[in-house]
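# A structural walkthrough
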Amino acid sequence: MDITVTLNRLSPVPLYHQLGAQLKDAIATGILPKGTFLGNELVLAEQWQVSRPTVRRAIQDLVDDGLLVRRRGVGTQVVNDQVRRPFTLTSLYDDLLASGRTPSTVVISLGRVKATVDTAAALGTKTGARVIHVVRLRSDGDRPLAVMRNWLPVDIGSDLTVEALEARGLYSMLRDRGIRPHYAVQRLGARAATDDEATLLGIKSGAPLVTMRRVMQDDTGRPVEVGDHVYDAAHYSVEMAVVES
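These remarks concern the structure in this document. All of these numbers come straight from a predicted model, not from anything done at the bench.

## Thoughts on the overall build of the protein chain
In terms of helices and strands, the protein chain carries nine helices and 10 strands. The burial tally for the protein chain puts 40% of its 245 residues in the buried class. Nonlocal contacts in the protein chain, meaning residues at least 24 apart in sequence, comprise 56% of its contacts between residues at least 6 apart. Charge-centre separation for the protein chain: the mean point of 30 positive side chains lies 3 Å from the mean point of 28 negative side chains.

The following block contains the structure:
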């Protein structure tokens, strides 16, 4: 691997951060395509005229971001397989398709349950009223990515089937029913994976998860969906634009 980096040694920005940012940009632009192996840390340190700890820290940050993977006996390789999802009102299924990936879904459960206090308040119904509850495992290809729990009013979700939910995204199915996702309140967070979630996602119990709770309204202002999703933090992040007013 031969890539030129430019480091400003007078900048207050740490060298490892500068180096990592330029490697990340090289991956994003295809200069370092998926499958590329990075050289030995000592060789890279000499090539870029930095210390070995600086190279190691920069590489570890990209490993943590899901852009690189370390394979014992093989080396450090570009994988660039973290799902970066825009902070918009879309489904994960559609976002994966749009990014050229191959989404797949396994429905863990589908049925009617009694609404809890929180779910009832979000959907504008009574506590204990029947709602549709769906639990799905969403994967990026053959790699488990998210455990998705959704609640919908019975009149909206009563005809949902396992086959349809495994073939398409939920929002696409809602649109076919004339229900247009229009407004949502989303809350992002993080927590450790439970034993059950770890088993489904193929990760260790206690591994970090990104959490997202969403209450969505249609274009009439009616609450039509509550989502409580968890994502494998090693392969998922959320991007949002910030503009100064």
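## Details of the nonpolar core
Counting residues in hydrophobic clusters, the biggest one holds 20 residues, and the most contacted among them are Leu19, Leu23, Ile27, Leu32, Trp48, Val55 and Leu68. When residues of this core are traced back to their parent elements, those giving at least two are α1 (15-29), α2 (41-48) and α3 (52-64). In contact with leucine 68, other than residues within four places in its own chain, are Ile27, Leu38, Ile59, Leu62, Val63, Thr76, Gln77, Val78 and Val79. Core analysis: the next-biggest nonpolar cluster, separate from the first, contains 14 residues, Val134, Leu165, Leu170 and Leu174 among them.

## What to know about the packing of α1 against α3
Across the interface, α1 lies against α3 with an axial gap of 8 Å and an inter-helix angle of 45°. Classified by the angle between their axes, α1 and α3 sit oblique to one another. Crossing geometry of α1 relative to α3 is assigned as right-handed. Across from Leu15, Tyr16, Leu19, Gly20, Leu23, Lys24 and Ile27 in α1, the residues of α3 making contact are Thr54, Val55, Arg57, Ala58, Asp61 and Leu62. Across the contact of α1 with α3, the residue classes break down as eight nonpolar, two polar and three charged.

## Side note on the packing of aromatic side chains
One pass over the full model with this rule turns up zero aromatic pairs. For arginine 57, the ring lying beneath its charged end belongs to tyrosine 16, and the centroid distance is 4.1 Å.

## Describing the packing of α2 against α3
For the pair α2 and α3, the least separation of the axes is 8 Å and the interaxial angle reads 110°. In terms of orientation, α2 lies roughly perpendicular with respect to α3. The residues of α3 that touch α2, namely those facing Glu41, Leu42, Leu44, Ala45 and Trp48, are Arg52, Val55, Arg56 and Ile59. Within the contact of α2 with α3, the residues separate by chemical class into six nonpolar, no polar and three charged.

## Description of the pattern of salt bridges
Considering all chains together, one arrives at 11 salt bridges under this definition. One salt bridge in this structure joins arginine 70 and glutamate 41, with 3.5 Å as the shortest N-O distance. You can see arginine 70 sitting in strand β1 (residues 68-71) and its partner glutamate 41 sitting in helix α2, a full 29 residues away along the chain. Among the residues examined, arginine 70 registers a relative accessible area of 34% and is labelled partly exposed. Among the ionic pairs, aspartate 140 bridges to arginine 143, the shortest N-O distance being 3.1 Å. Via salt bridges that share partners, Glu41, Arg52, Arg56 and Arg70 belong to a single interconnected network.

## Here's the deal with the sheet that holds strand β8 (residues 208-218)
Strands sit in the order β4-β5-β6-β9-β8-β7 across an open sheet of six strands; the sheet is antiparallel. A single partner strand is all that each edge strand has here, and the edge strands are β4 (103-114) and β7 (181-192). When the angles between neighbouring strand axes are averaged without regard to direction, this sheet yields 15°. In this structure, β4 lies alongside strand β5 (residues 130-140), joined through 11 bridges in antiparallel fashion. If you follow serine 109 over to β5, its bridge partner there is valine 135.

## A word on α3
Spanning 13 residues, α3 covers 18 Å between terminal C-alpha atoms, matching the ideal 18 Å at 1.5 Å per step. Looking at α3, one finds that the buried residues are Thr54, Val55, Ala58, Ile59 and Leu62. Taken around the axis of α3, the buried residues stretch over an arc of 125°, which confines them to a single face. Tucked inside the fold, the buried residues of α3 contact α1, α2, β1 and β2 (75-78).

## Some words on unusual backbone geometry
Here the phi dihedral of glutamine 49 falls at roughly 60°; this positive angle occurs in a residue that is not glycine. Its location among the elements puts glutamine 49 in the loop between α2 and α3.

## Regarding the environment of isoleucine 132
With respect to the helices and strands, the residue isoleucine 132 is situated in strand β5. For the pair formed by isoleucine 132 and methionine 148, sequence separation is 16 residues and the distance between their alpha carbons is 14 Å. In this view, isoleucine 132 contacts Leu110, Gly111, Arg112, Asn150, Trp151, Leu152, Pro153, Val154, Gly157 and Ser158; residues no more than four positions away in its chain are not counted.

Rules used throughout
Residues numbered from 1 in each chain as written. Predicted model: local features only at pLDDT ≥ 70, side-chain atom pairs only at ≥ 80, totals over all residues. Heavy atoms only, no water. Helix = DSSP H or I, 4+ residues; strand = E, 2+ residues; numbered from the N terminus. Buried < 20%, exposed > 50% of the residue type's maximum accessible area, 1.4 Å probe, protein only. Contact = heavy atoms within 4.5 Å. Lys, Arg positive; Asp, Glu negative; His and termini not counted. Charge placed at Lys NZ, Arg CZ, Asp CG, Glu CD. Core = buried A, V, L, I, M, F, W, Y, C linked by side-chain atoms within 4.5 Å. Axes fitted to C-alpha atoms, helices over the stretch in contact; angles between N-to-C directions. Parallel < 35°, antiparallel > 145°, perpendicular 65-115°, else oblique. Left-handed = near helix turned anticlockwise from the far one by under 90°. Nonpolar A, V, L, I, M, F, W, Y, C, P; charged D, E, K, R; others polar. Phe/Tyr/Trp six-rings, centres within 6.5 Å; stacked < 30°, edge-to-face > 60°. Lys NZ or Arg CZ within 6 Å of the ring centre and 35° of its normal. Salt bridge = Lys/Arg side-chain N within 4 Å of Asp/Glu carboxyl O. Pairing = 2+ DSSP bridges. Expected span 1.5 Å × (residues − 1). Arc of directions from axis to C-beta.

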